[in-house]
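Here are the chains, one letter per residue:
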Amino acid sequence: MRIEEIRKEIKKYSEELDMVINPREDYPPELDYSKNEYPDYVEILAEKIAELERKLRGFEYSDEESLRRKEINELIFNEGYIIRDSESTNDLLSRTQHAHEISKLISNKKTLSPLTLGIYGPWGEGKSSFLRLIETELDNINVKIKND
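Criteria and cut-off values
Residues numbered from 1 in each chain as written. Predicted model: local features only at pLDDT ≥ 70, side-chain atom pairs only at ≥ 80, totals over all residues. Heavy atoms only, no water. Helix = DSSP H or I, 4+ residues; strand = E, 2+ residues; numbered from the N terminus. Buried < 20%, exposed > 50% of the residue type's maximum accessible area, 1.4 Å probe, protein only. Areas by Shrake-Rupley, 256 points an atom, 1.4 Å probe, with all protein chains shown as cover. Polar contact = N/O pair within 3.5 Å; in protein donor to acceptor, adjacent residues only side chain to side chain. Contact = heavy atoms within 4.5 Å. Core = buried A, V, L, I, M, F, W, Y, C linked by side-chain atoms within 4.5 Å. Salt bridge = Lys/Arg side-chain N within 4 Å of Asp/Glu carboxyl O.

Visitor: Explain the overall build of the chain residue by residue, including any values.
Guide: In terms of helices and strands, the chain carries four helices and zero strands. Each helix and strand of the chain, ordered N terminal to C terminal, gives the series α-α-α-α. Looking at the 148 residues of the chain, the share that counts as buried comes to 18%. When the accessible surface of the chain is totalled, it reaches about 11,800 Å², and 54% of it is carbon and sulfur.

Below, the structure written as structure tokens:
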């Protein structure tokens, strides 16, 4: 339950940071940071997000480690065994923000085509997990577009 609360807080602060950096027409006038009344507000929000992401990574890493240990303990050891090779469902490498930015680039109508992206890295570095994060972000963007 604590993980979901932290995710909600991160989302809240990320949305607020996005509003400060990219103000929109529906931006509340009482929170007009463009007047530079709060010059350090971006840094404050970024630090809060980073702190919450560290906590979240700790919880998620602990959960993932428990899952892997349970899998290994349940294996019947004969001559060998195989540990599954699948992407993590948790963002243990803090790549959600990068996935969000790439998704915005892909979904932006002003992005000129053709657009080619490459995800390179050795085995086990999180390429599939990163692609899954991008896919999730694109799904979220499509839902927002559909709802609007």
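Visitor: Help me get a handle on the side chain of S103, residues and values and all.
Guide: Assignment of secondary structure puts S103 in helix α3 (residues 96-107). Reaching out from S103, the side chain makes a polar contact with the backbone oxygen of A99 at a distance of 2.8 Å. Beyond its immediate chain neighbours, meaning those up to four positions away, S103 contacts I134, E137, L138 and I141.

Visitor: Let's hear about the nonpolar core: which residues, and what values?
Guide: I3, I6, I10, Y13, L17, V20, Y41, L45, I49, L52 and L56 form the largest nonpolar core, which has 11 residues in total. Breaking this core down by element, the ones donating at least two residues are α1 (2-21) and α2 (41-74). If we ignore the near neighbours within four places in the chain, the residues touching I49 are I10, Y13, S14 and L17.

Visitor: Would you mind going over the pattern of salt bridges in detail, with residue names and values included?
Guide: If charged atoms from side chains of opposite charge come close, those side chains can pair. According to the stated counting rule, one finds seven salt bridges in the structure shown. The salt bridge involving R7 is made with E4; its shortest N-O contact spans 2.9 Å. With a gap of three residues between them, R7 and E4 both fall in helix α1, about one helical turn apart. Note on R7: relative accessible area 30%, which makes it partly exposed. For E4, a relative accessible area of 40% corresponds to the partly exposed category. Of the charged contacts, one joins K104 and E101 as a salt bridge, the two residues approaching to 3.7 Å between their closest N and O atoms. On the criterion of helical spacing, the pair formed by K104 and E101 is a turn pair, its members being three residues apart in helix α3. The class for K104 is partly exposed, based on a relative accessible area of 30%.

Remember that the coordinates give geometry; whether it matters functionally is a separate question.
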